[in-house]
Amino acid sequence: MATFTERMGPVLLVWLAVCLGGTWAVDKGNFKTCEQSAFCKRQRAIKPGESPYRALLETMELTNTRLTLQLINDNNKVRLLLELYRLQGNITRVKINELKPLKPRYEVPDVLIREPPTEPLSLLSQDENGVVLSLGPESQRVIVSARPFRLDIVEGRDVLMSLNSRGLLGFEHLRMRKDTSQADPEAENKEGADPANQDENTKEEEEKVEDGMWEETFKSHTDSKPNGPSAVSLDFSLPGVEHVYGIPEHADTLKLKTTDSGDPYRLYNLDVFQYELYNPMALYGGVPVMLAHNAQRTTGIFWLNAAETWVDISSNTAGKTVFGKMLDFVQGSSETPQTDVRWISESGIIDVFLMLGPTPRDVFSQYASLTGTQAFPPLASLGYHQCRWNYNDQEDVRSVDAGFDEHDIPYDFIWLDIEHTDGKRYFTWDPHKFASPKEMLQGLMDKKRKMVAIVDPHIKVDTNYKIHNEIRSRGFYVKNKDGGDYEGWCWPGSAGYPDFVRPDMRAWWASQFAYDQYEGAMENLYTWNDMNEPSVFNGPEVTMHKDALHGAWEHRDVHNLYGLYVHMATAQGLMERSGGVERPFVLTRAFFAGSQRYGAVWTGDNAAEWDHLKISIPMCLSLSLVGISFCGADVGGFFKSPSTELLVRWYQTGAYQPFFRAHAHLDTPRREPWLFGPENTALIREAVRQRYTFLPYWYQLFYLAYHTGEPVMRPLWVEYPQDPATFALDDEFLLGRDLLVHPVTEEGARGVTAYLPGKEEVWFDIHTFQKHNGGQNLYIPVTMSSIPVFQRGGSIIPRKLRVRRSSACMEHDPYTLYVALNNQRTAEGELYIDDGHTFNYEKKEFIHRRFSFSNNVLSSVDLEPGAQFTTKSWVERIIILGASKPSSITLKTADGVNQLEFDFDASMSVLTIRKPGMNAGADWTVTLQ
């Protein structure tokens with residue numbers, strides 16, 4: 001985000017007047033409803049139970065890796081090709097395309113990390129009504145019914161998921177426009193045009209031409225739609241399911257709501273000014289992945305389509321009160337709960353991955369096998385980030401940096417928004433305010449700190465600007481429908497939009513981050529991609545026209561990929577500048593499936609309001625469930641000014657969310673952490689310092705996310721999948737398995753009620769060491785200093801208690817191990833250490849230890865005997881919660897056996913072992929006698 005001082009066109013002035021004036025709510029009129037989106041309206045009008053599609057069983061072909069089968073629409077005789085694949089890891093892939101389209105339809109590239117490996121399908125039975133195929137494990141089968149076409153996945157006697165069971169499959173075939181000669185004159189003669197479709201022409205004459213099929217106008221913008229209607233839709237039924245999650249980004253609850261009485265959830269990356277909470281409007285990013293969960297099973301649906309998409313959800317139990325459900329039970333009502341979902345996309349094909357679980361971890365692993373895992377971030381990026389629009393000049397940066405030292409608050413990154421550039425020309429510096437960027441960066445480097453500068457993907461149209469001239473001369477800009485360079489208004493005024501869909505454009509963009517290209521950059525300068533939906537101030541819905549061109553494809557086909565490609569190219573540039581040695585850190589606002597591979601995201605331009613603090617939890621949980629673990633919200637709120645109470649509570653919440661950055665709008669008063677009086681400074685300092693003590697645990701969780709796809713921040717149901725009390729909880733969360741966080745998000749709160757899961761579990765308050773039983777709602781009195789956080793009994797968490805000015809300053813500091821015993825008096829945990837910033841971990845240069853406590857023995861063993869790394873860090877303290885008093889304690893290492901000193905607090909059952917002194921990378925055992 002950034003402001004604007006140069007002369008601008010009237011369109012932009014109007015936009016800024018709306019944005020920067022006194023209006024503090026989204027103008028819904030700028031964004032379409034389903035009713036205003038012609039394809040959504042057409043597809044939503046399809047009535048259940050009237051499917052015109054049947055499977056032509058005589059066309060079935062079954063090879064070792066796939067089944068193909070033609071479907072025919074009996075209304076217009078257009079044929080589709082169904083492909084069915086059984087993939088490794090309990091995933092089924094279903095693709096539906098036109099058998100012989102007039103021209104190719106878009107299939108999303110670059111999101112899958114490889115062509116997914118298949119497993120054999122085998123035919124179990126076949127008759128005139130359908131076919132039954134084996135999916136291998138657990139008596140799983142696919143049943144394809146012919147008339148109407150329907151696909152069921154069953155396991156034993158249970159139906160896991162049904163496709164087209166409500167008959168809402170819709171596939172608008174590409175066709176010639178009848179009333180003009182605009183269509184491609186060669187199209188009719190193109191190889192591959194279906195001769196059968198020639199017979200359809202008479203049928204097509206009868207097909208109703210509706211408004212918006214060949215041209216659509218929204219406000220003052222007309223979409224020319226040269227390819228005509230091309231939407232696809234399909235329904236999925238989930239028997240036994242009442243809870244579905246995912247499909248971010250929406251400012252809504254974790255459990256998705258039914259949409260029968262309003263708009264569907266929309267996935268269309270948009271720059272939404274002052275977004276509203278608790279509604280299904282589209283926001284900055286879109287991941288077309290939904291998870292379904294009940295006490296028996298977790299499944300997932302990944303709809304691989306990058307066009308504008310709407311998702312309808314209905315449920316046969318929605319709206320039923322607890323009493324109503326009890327009445328059903330008492331009366332023996334046989335209705336099984338069921339959730340029905342319909343996906344509708346404007347163009348492309350149907351390409352859907354059915355992730356069959358059965359556990360939450362299985363679904364995470366299945367999705368990671370398709371789109372990759374969270375990039376393993378540099379350790380420093382898990383520290384605290386200080387940002388605003390804008391730090392004014394180098395002196396301002398130096399002063400803010402010094403303020404953190406003066407007030408003893410650690411931080412790792414300071415950020416510069418768009419005002420640091422020379423007139424909104426990215427990759428440049430303002431020659432007066434930031435005249436010597438290397439001197440500024442060196443000053444930060446001397447303190448082991450770093451900087452992030454913004455690089456947005458709209459390029460000022462200016463013949464004196466090198467970046468613009470190169471992009472134009474290479475033909476790398478997105479084109480308008482007439483073939484000229486597409487231009488729109490953004491922060492610099494008139495701007496071009498690089499075509500990031502092109503691999504050669506992405507490679508060129510990456511090369512611009514090289515130290516000999518990006519003047520003033522150093523190795524401690526990292527990057528922020530904002531406005532990459534893309535944001536076009538004078539475009540339809542504040543984004544790019546759908547009939548803009550990316551080579552052969554329209555923008556409508558690729559829209560939700562644009563931000564992913566910007567992020568990808570930028571991360572590639574930061575890697576290449578170091579010769580592939582250093583891990584990048586790039587924050588993006590727009591995202592898609594696969595964005596987790598390139599860095600972090602945040603929830604965009606939120607507001608300094610209590611509800612925005614609350615919504616940050618379900619928003620990040622929803623992202624976490626679909627692979628994007630590195631998520632955070634602007635601490636304090638971007639728009640408006642927080643009360644001191646709200647600001648403190650936001651720091652306390654943000655300190656326990658994965659990406660921890662404060663940010664604020666240009667027009668807000670300054671809000672560095674020390675500007676609110678000594679008491680509030682102390683409260684914020686304590687929250688930030690807590691974050692730094694837990695950095696070893698955060699780092700280990702991100703290593704696990706990178707390795708397995710398991711989310712860092714988790715809804716409780718992920719770890720307690722059979723406990724219905726957890727299924728809709730979104731005011732508390734888990735970090736890994738072992739920390740439960742219930743932030744205080746209510747103004748003036750005197751207490752919070754946290755649900756502690758697990759009837760057999762015990763939980764320890766990390767501040768007081770008070771022990772609580774699981775399976776209960778616990779009322780916790782709070783003061784302004786309270787951050788309710790609990791460590792699970794049965795876990796061991798390493799922390800570093802010597803907090804210094806940045807994470808790098810703590811590299812060699814010692815660890816304290818917090819051993820929380822469960823009811824069986826056992827515990828286990830891990831410790832991961834590497835250099836914190838390079839890719840050398842890929843060469844096995846790391847330490848990965850497992851700690852375990854049982855039978856009064858605590859031991860550390862090597863989890864990766866082949867790995868090589870040394871650390872200067874040692875264990876300076878072991879704190880055992882829920883302990884009994886021993887008579888003596890011995891330490892055994894390679895150097896021999898020593899007696900250790902200890903204290904025991906009988907009132908809290910806390911045993912503290914002082915200065916055991918062993919190296920953090922060594923084998924050792926501590927025995928309690």
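This section reports on the structure supplied with the text.

Calculation notes
- Residues numbered from 1 in each chain as written.
- Predicted model: local features only at pLDDT ≥ 70, side-chain atom pairs only at ≥ 80, totals over all residues.
- Heavy atoms only, no water.
- Helix = DSSP H or I, 4+ residues; strand = E, 2+ residues; numbered from the N terminus.
- Contact = heavy atoms within 4.5 Å.
- Lys, Arg positive; Asp, Glu negative; His and termini not counted.
- Charge placed at Lys NZ, Arg CZ, Asp CG, Glu CD.
- Pairing = 2+ DSSP bridges.
- Phe/Tyr/Trp six-rings, centres within 6.5 Å; stacked < 30°, edge-to-face > 60°.
- Lys NZ or Arg CZ within 6 Å of the ring centre and 35° of its normal.
- Axes fitted to C-alpha atoms, helices over the stretch in contact; angles between N-to-C directions.
- Parallel < 35°, antiparallel > 145°, perpendicular 65-115°, else oblique.
- Nonpolar A, V, L, I, M, F, W, Y, C, P; charged D, E, K, R; others polar.
- Disulfide = S-S within 2.5 Å.
- Buried < 20%, exposed > 50% of the residue type's maximum accessible area, 1.4 Å probe, protein only.
- Salt bridge = Lys/Arg side-chain N within 4 Å of Asp/Glu carboxyl O.

Before going further, it helps to spend a moment on the overall build of the protein chain. Looking only at helices and strands, the protein chain features 16 helices and 53 strands. Over its C-alpha atoms, taken along the principal directions, the protein chain stretches across nearly 90 × 70 × 55 Å. In the protein chain, once contacts between residues fewer than 6 apart in sequence are set aside, the share between residues at least 24 apart is 73%. Considering the protein chain, the positive charge centre built from 94 side chains and the negative charge centre built from 123 side chains are found 3 Å apart.

Overall, antiparallel pairing links the three strands, which are arranged β24-β26-β25 in an open sheet. A strand with exactly one partner marks an edge of an open sheet, and here the two such strands are β24 (459–460) and β25 (487–490). Sheet analysis places β24 next to strand β26 (residues 493–496), joined by two bridges and oriented antiparallel. Its bridge partner being in β26, Lys 460 is matched across the sheet by Ala 495.

What follows concerns the packing of aromatic side chains. Across all of its chains, the model carries 54 aromatic pairs by this definition. Their ring planes at 85° and their centres at 5.4 Å tell us that Tyr 706 and Tyr 841 sit as a pair that is edge-to-face. On the criterion of sequence distance, the pair formed by Tyr 706 in helix α15 (residues 695–708) and Tyr 841 in the loop between β45 (827–833) and β46 (847–854) is long-range, its members being 135 residues apart. Through pairs of rings, three or more aromatic residues link up here, namely Phe 413, Trp 415, Tyr 526, Trp 528, Phe 585, Trp 602, Phe 630, Phe 659 and Phe 702. Note that Arg 799 overlies the ring of Phe 694, its terminal NZ or CZ placed 3.9 Å from the centroid.

It is at 5 Å that the axes of helix α14 (residues 678–693) and α15 come closest, and there the two elements cross at 55°. On the basis of the axis angle, α14 is oblique to α15. Contact residues: Arg 691, Tyr 692 and Thr 693 in α14; Leu 695, Pro 696 and Trp 698 in α15. For the contact of α14 with α15, the class distribution of residues is four nonpolar, one polar and one charged.

Moving on, we get to unusual backbone geometry. Residue Gly 357 is joined to Pro 358 through a cis peptide bond whose omega torsion reads 15°. Of note, Pro 358 is situated in the loop between β20 (350–355) and α5 (360–371). In this structure, the amide linkage connecting Trp 389 to the following residue, Asn 390, adopts the cis form with an omega of 10°. Relative to the elements of secondary structure, Asn 390 occurs in the loop between β21 (384–386) and α6 (394–406). In this structure, Lys 77 takes a positive phi of about 65° despite not being glycine. Structurally, the position occupied by Lys 77 is in the loop between β2 (66–73) and β3 (79–87).

Another aspect to go through is the state of the cysteines. Going through the model one piece at a time under the given rule, you end up with two disulfides. The disulfide bridge from Cys 34 ends at Cys 40, spanning 2.0 Å between sulfur atoms. Handedness here is read from the sign of the S-S torsion; for Cys 34 and Cys 40, about -100°, the answer is left-handed. You'll find Cys 34 and Cys 40 in the same group, each marked buried. A disulfide bridge connects Cys 620 with Cys 631, and the sulfur atoms are separated by 2.0 Å. In this structure the cystine formed by Cys 620 and Cys 631 twists about its S-S bond by roughly -75°; its chirality is therefore left-handed. Of this pair, Cys 620 sits in helix α12 (residues 610–625) while Cys 631 sits in strand β32 (residues 631–632), and the two are eleven residues apart along the sequence. Like Cys 631, Cys 620 is buried. Counting only the cysteines that take part in disulfides, in the order they occur along the protein chain, gives the pairing 1-2, 3-4.

On to the sheet that holds strand β36 (residues 733–735), then. The sheet built from six strands is open, its strands ordered β35-β36-β37-β42-β39-β40 with antiparallel pairing. The open sheet has two edge strands, β35 (713–714) and β40 (771–773), and neither has a second partner. The sheet contact formed by β35 and β36 spans two bridges and is antiparallel. Looking at the pairing, Arg 714 lines up with Leu 734 of β36.

With that out of the way, let us pick up the pattern of salt bridges. In this structure the tally under the stated criterion is 66 salt bridges. Among the salt bridges present, the one from Arg 472 reaches Glu 487, with a minimum N-O distance of 3.2 Å. Here Glu 487 lies in strand β25 and Arg 472 lies in helix α8 (residues 466–474), a separation of 15 residues in the sequence. Classification of Glu 487 by relative accessible area gives partly exposed; the value is 37%. The salt bridge involving Arg 502 is made with Asp 504; its shortest N-O contact spans 2.8 Å. Counted as one network, the salt bridges with shared partners bring together Asp 223, Arg 266, Glu 308, Glu 346, Glu 541, Lys 546, Glu 554 and Arg 556.

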